[in-house]
Amino acid sequence: MRYTAFGKNERQVIETGAKKALIVAIINQKGGVGKSTTAVNLSDALGELKKKVLLVDLDPQGNATSGLGVEKHAGMKCVYDGLINDANVKDLIIKNASKNVDVIPATINLAGAEVELMNEYARERRLAELLVPIENDYDYILVDCPPSLGQLTMNALTAAQRMLIPIQCEFYALEGLTKLLETEKIVKARMNPELESLGVVMTMYDKRTSLANQVVDEVKNFFGDKVFKTVIPRNVKLAEAPSFGQSIIKYDPSGKGATAYRELAKEVISRG
């Protein structure tokens, strides 16, 4: 397997026998599509399947952080300190936020990172550099991206080997995705040749509406076999779980939402 290190002038790849984590950027430039919900619940579902997971919250809103019950407080170190202040990544990790799941949290400090990164050397590679020392400690590193194509998202795409795109089963579901796919091509060509699509997951699906079924068909026509077979339902329990600081796996373990994310985790493993 490959261990990646970054020198000042070039990316170096060193062959080692250690297994390297699969880094997955969970991304959609639109908000409200179930991105953080997917990051939290997929992490917990993978952990339940005995995979060692690190969830990196790269969204200044910090929803993935709070969604796993991590309480944010003044002076708390977060991913911002790694990206901007060169903090040691191991000092940022909150261990065992859930079973087999560690977290690098986000706080409000991250809101200024977009501007501050503009003045950093090799600014698109800061997250990749940060994660190098721990890549062999996990099976999966999931990165919850902000709803934009700014510097934070570019960092995620440069660090990741795979992209997972949640798409809401509502009108204009494909709106803006052309720009996202163009960005993927640019990153792959110029900065990260390893980047590939892991797949598209349909979220907030209501089988009772003809619109939801039309959107699923439209997305399948656009993405083909990249669409996961598992569809995440629109579900009250899924909406409630974050307010209790729990994943759906813990909040409603036998419900439809937990079942769906368990199935998605199995598909992710089979594709990864």
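Please refer to the structure placed before this passage.
About the criteria used
Residues numbered from 1 in each chain as written. Predicted model: local features only at pLDDT ≥ 70, side-chain atom pairs only at ≥ 80, totals over all residues. Heavy atoms only, no water. Phe/Tyr/Trp six-rings, centres within 6.5 Å; stacked < 30°, edge-to-face > 60°. Lys NZ or Arg CZ within 6 Å of the ring centre and 35° of its normal. 1 Å grid on protein atoms, 1.4 Å probe; cavity = no way out; pocket = protein on both sides within 12 Å on 5 of 7 lines; lining within 4 Å. Points joined across faces, edges and corners; volume = space filled by probe spheres on them. Helix = DSSP H or I, 4+ residues; strand = E, 2+ residues; numbered from the N terminus. Nonpolar A, V, L, I, M, F, W, Y, C, P; charged D, E, K, R; others polar. Salt bridge = Lys/Arg side-chain N within 4 Å of Asp/Glu carboxyl O. Expected span 1.5 Å × (residues − 1). Buried < 20%, exposed > 50% of the residue type's maximum accessible area, 1.4 Å probe, protein only. Patch = residues over 30% accessible without salt bridge, like charges linked within 9 Å, V, L, I, M, F, W, Y side chains within 5 Å. Areas by Shrake-Rupley, 256 points an atom, 1.4 Å probe, with all protein chains shown as cover. Pairing = 2+ DSSP bridges. Axes fitted to C-alpha atoms, helices over the stretch in contact; angles between N-to-C directions. Contact = heavy atoms within 4.5 Å. Parallel < 35°, antiparallel > 145°, perpendicular 65-115°, else oblique. Right-handed = clockwise from strand over helix to strand, strands pointing away.

With that settled, consider the packing of aromatic side chains. Note on aromatic pairs: each is described by the distance of the centres and the angle between the planes. Throughout the structure, instances matching the rule amount to three aromatic pairs. A cation sits over an aromatic face here: R271 above F228, 4.0 Å from the ring centre.

This brings us to the layout of surface pockets. Approximately 460 Å³ is the volume attributed to the largest pocket. Lining the largest pocket are 29 residues; nearest its centre among them are G34, K35, S36, T37 and M204. Ranked by the residues each element gives to the lining of the largest pocket, the list is headed by helix α1 (residues 35-48), at five residues. Per-class residue counts for the lining of the largest pocket are twelve nonpolar, 13 polar and four charged.

Moving on, we get to the pattern of salt bridges. Taken as a whole and assessed by the stated rule, the structure comprises 15 salt bridges. A salt bridge links R234 to E170, with the nearest nitrogen and oxygen atoms 2.5 Å apart. With R234 in the loop between β10 (227-233) and α9 (236-240) and E170 in the loop between β8 (162-168) and α7 (177-190), this residue pair connects regions lying 64 residues apart in the sequence. Through salt bridges with shared partners, one network takes in K35, D59 and D144.

This brings us to helix α11 (residues 256-271). If you check α11, its first and last C-alpha atoms are 23 Å apart, about what 16 residues at 1.5 Å a residue would give, namely 22 Å. All of the buried residues in α11 are G257, A258, A260, Y261, L264, A265, E267 and V268.

Together, F171, Y172 and L211 give the surface a local cluster of nonpolar side chains, amounting to about 340 Å² of exposed area. Locating F171 in the fold gives a position in the loop between β8 and α7.

Turning our eyes to something else, we now look at the sheet that holds β10. Sheet architecture is open: eight strands sit in the order β5-β6-β4-β7-β3-β8-β9-β10, paired in mixed fashion. Looking at strand neighbours, the two that pair on one side only are β5 (94-98) and β10, the edges of this open sheet. In this sheet, neighbouring strand axes are inclined to one another by 30° on average, regardless of whether the strands run parallel or antiparallel. Bridge analysis of β5 against strand β6 (residues 101-104) gives two bridges, and the strand direction is antiparallel. Pairing of S98 across the sheet is with V101, part of β6. Against the sheet, α11 engages β7 (140-144), β8, β9 (196-205) and β10, with an angle of about 165° to β10.

Our next topic: the packing of α1 against α11. It is the contact of α1 with α11, at a shortest axis distance of 8 Å, that shows an interaxial angle of 75°. Between α1 and α11, the angle falls in the class roughly perpendicular. From α1, T37, T38, N41, L42, A45, L46 and E48 reach across to α11, where they touch Y261, R262, L264, A265, V268 and I269. Here the residues of the contact of α1 with α11 sort into eight nonpolar, three polar and two charged.

Turning our attention to the pairing of β9. Most of β9 is tucked away: seven of the ten residues are buried. As paired strands, β8 and β9 are joined by seven bridges and run parallel to one another. If you follow Q168 over to β9, its bridge partner there is T203. Handedness of the β9-helix α8 (residues 210-223)-β10 crossover: right-handed.

With a phi close to 65°, Y172 is a non-glycine residue in the positive phi region. Within the chain, M204 stands out as a residue other than glycine whose phi angle is a positive 55°. You can see M204 is positioned in strand β9.

The topology assignment puts A212 in helix α8. By relative accessible area, A212 is classed as buried at 1%. A212 sits ten residues away from M202 along the chain, and the two C-alpha atoms are 9.6 Å apart. Beyond its immediate sequence surroundings of up to four residues, A212 is in contact with C169, Y205 and D206.

Following the sequence through the fold, I269 ends up in helix α11. The sequence separation of I269 and D139 amounts to 130 residues, and the corresponding C-alpha distance is 9.9 Å. For I269, the contacting residues outside a window of four places in its chain are L46, L49, K51 and Y140.

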